[in-house]
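Chains, contacts and geometry: an overview
Spelled out from the first residue to the last, the chains are:
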Amino acid sequence: MTFDRRIKIAPSILSADFANFGQECRAVEDQGADWVHVDVMDGHFVPNLTFGPAMCKAIRPHIRGVMDVHLMIAPVDPYIEAFAEAGSDIITAHVEAGAHVHRTLQAIRGTGARAGLALNPGTPAEAARPLLDDVDLICVMTVNPGFGGQKFIHSQVEKVRELRAMIGDRPVHIEIDGGVDPTTAPLVAAAGADVLVAGSAVFRGGSVSNSAPYGENIRAIREAAEAALR
């Protein structure tokens, strides 16, 4: 991975066809996706249960670019090595998931993966300040974590602006997860985000056998975000 602040679209496979994950990953990349986002949920930290390291390992050969793994689990530390061994390029943990998040970030980087820090909507930007030199990505949740298809929480745009100012010239991505579409993408891009996770807004209207709509959806989100930067 190389660092840049160009807009990157990261489709969340939580909205993909669960019976065809490998083909879905290939399809969205073929249609212009920059990263593939994997939402891992444990039914404890968040009220849903999704994927584990074995699934990440299974789809890794189908992803040519970045596999961006978002751990919505608690505890986190016992599972870091397994997700790293599964091929995760980025492993993101929640600041709310444990008392020793600095140690968690160190452990992630110790595997060779990039370290991400996620903030729930109720967590202020200030929570990230002591950790800015220990992260490669900050994920701002613009919905409450646990389910796809939720409505974008507009109060989080100001949090993005605060984080952008805090980060300064550090090589740290700001990722947005939740409710991203061509309407909300310009808001967060203008505030300083460069990685946009989108689930239903990417996969809507398409399928493995008809992936052209994925490309149309990705382009619409990207163009809306980039227009806000001109």
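All figures in this text were calculated on a predicted structure; none of them were measured in a lab.

Examining the overall build of the protein
- Summing up its helical and strand segments, the protein has eight helices and eight strands in all.
- Since a compact globule built from 230 residues should have a radius of gyration of about 17 Å, the 16 Å found for the protein is in line with a globular shape.
- Summarising its shape, the C-alpha atoms of the protein cover approximately 45 × 40 × 35 Å along the three principal directions.
- Here the protein holds 230 residues, and 55% of them are scored as buried.
- Residue pairs at least 24 apart in sequence account for 66% of intrachain contacts in the protein once pairs closer than 6 positions are excluded.
- For the protein, the exposed surface amounts to about 9500 Å²; the carbon and sulfur share of it is 51%.

Points about the UniProt feature "binding site: a divalent metal cation" (unreviewed entry) in the protein
- UniProt annotation of "binding site: a divalent metal cation" (unreviewed entry) refers to His-37, Asp-39, His-70 and Asp-177 when read in the numbering used here. In summary, the annotated positions, though distributed over 141 residues, converge in three dimensions, the widest C-alpha pair being only 9.9 Å. Taking the annotated residues in turn, Asp-39, His-70 and Asp-177 line the largest pocket.
- Here His-70 falls in the buried class, since its relative accessible area comes to 0%.
- Contact partners of His-70, with chain neighbours within four places excluded, come to His-37, Val-38, Asp-39, Val-40, Thr-92, His-94, Ala-118, Cys-139, Met-141 and Asp-177.
- Structurally, Asp-177 can be placed in strand 7 (residues 173–177).
- A residue is classified by how much of its surface remains accessible, and Asp-177, at 8% relative accessible area, is buried.
- Other than its neighbours up to four places away in sequence, Asp-177 contacts His-37, Asp-39, His-70, Cys-139, Val-140, Met-141, Thr-142, Val-143 and Val-197.

Description of the nonpolar core
- With 73 residues, the main nonpolar core has Ile-13, Val-38 and Leu-196 as its most contacted residues.
- Looking at which element gives the most residues to this core, the answer is helix 5 (residues 156–167), with five residues.
- For Ile-13, the residues in contact, after removing those within four places along its chain, are Phe-18, Phe-21, Cys-25, Val-36, His-37, Val-38, Phe-51, Met-55, Ile-59 and Phe-203.
- Ile-90, Leu-137, Val-143 and Val-197 belong to the second-largest nonpolar core, a separate cluster that totals 11 residues.

Quick notes on the packing of aromatic side chains
- As enumerated under the stated definition, the model contains four aromatic pairs in all.
- Site record: aromatic cluster; members linked through ring pairs are Phe-18, Phe-21 and Phe-51.

Remarks on the side chain of Asp-177
- Put simply, Asp-177 is tucked away with no salt bridge, and the nearest opposite charge, on Lys-159, sits 13 Å away.
- Polar contacts involving the side chain of Asp-177 include one to the side chain of His-37, which spans 3.3 Å.

Things to note about the UniProt feature "binding site: substrate" (unreviewed entry) in the protein
- Here the UniProt-annotated "binding site: substrate" (unreviewed entry) positions come out as Ser-12, His-70, Gly-146, Phe-147, Gly-148, Gly-149, Asp-177, Gly-178, Gly-179, Gly-199 and Ser-200. Put simply, the named residues that line the largest pocket are Ser-12, His-70, Gly-146, Phe-147, Gly-148, Gly-149, Asp-177, Gly-178, Gly-179, Gly-199 and Ser-200.
- Position of Gly-199 among the secondary structure elements: in the loop between strand 8 (195–198) and helix 7 (200–203).
- Sequence-distant contacts of Gly-199, defined by excluding residues within four places in its chain, comprise Ser-12 and Ser-15.

Quick notes on the pairing of strand 4 (residues 90–94)
- Among the five residues that make up strand 4, five are buried, leaving the element largely enclosed by the rest of the structure.
- Neither face of strand 4 is open: one carries Ile-90, Thr-92 and His-94, the other Ile-91 and Ala-93, and all of them are buried.
- As judged from the four bridges shared by strand 3 (residues 66–72) and strand 4, these two strands associate in the parallel manner. Each residue of the ladder has a partner; that of Asp-68, found in strand 4, is Ile-90.
- Note that the unit made of strand 3, helix 3 (residues 80–85) and strand 4 has a crossover that is right-handed.
- In this structure, strand 4 lies alongside strand 5 (residues 114–119), joined through five bridges in parallel fashion. The partner of Ala-93 across the bridge, within strand 5, is Leu-117.
- Each parallel crossover has a hand, and for strand 4 linked through helix 4 (residues 101–110) to strand 5 it is right-handed.

Cut-offs and rules
- Residues numbered from 1 in each chain as written.
- Predicted model: local features only at pLDDT ≥ 70, side-chain atom pairs only at ≥ 80, totals over all residues.
- Heavy atoms only, no water.
- Helix = DSSP H or I, 4+ residues; strand = E, 2+ residues; numbered from the N terminus.
- Rg over C-alpha atoms; globule rule 2.2 N^0.38 Å.
- Buried < 20%, exposed > 50% of the residue type's maximum accessible area, 1.4 Å probe, protein only.
- Contact = heavy atoms within 4.5 Å.
- Areas by Shrake-Rupley, 256 points an atom, 1.4 Å probe, with all protein chains shown as cover.
- UniProt positions renumbered as here; feature names shortened; annotations may be inferred.
- 1 Å grid on protein atoms, 1.4 Å probe; cavity = no way out; pocket = protein on both sides within 12 Å on 5 of 7 lines; lining within 4 Å.
- Core = buried A, V, L, I, M, F, W, Y, C linked by side-chain atoms within 4.5 Å.
- Phe/Tyr/Trp six-rings, centres within 6.5 Å; stacked < 30°, edge-to-face > 60°.
- Lys, Arg positive; Asp, Glu negative; His and termini not counted.
- Salt bridge = Lys/Arg side-chain N within 4 Å of Asp/Glu carboxyl O.
- Polar contact = N/O pair within 3.5 Å; in protein donor to acceptor, adjacent residues only side chain to side chain.
- Pairing = 2+ DSSP bridges.
- Right-handed = clockwise from strand over helix to strand, strands pointing away.

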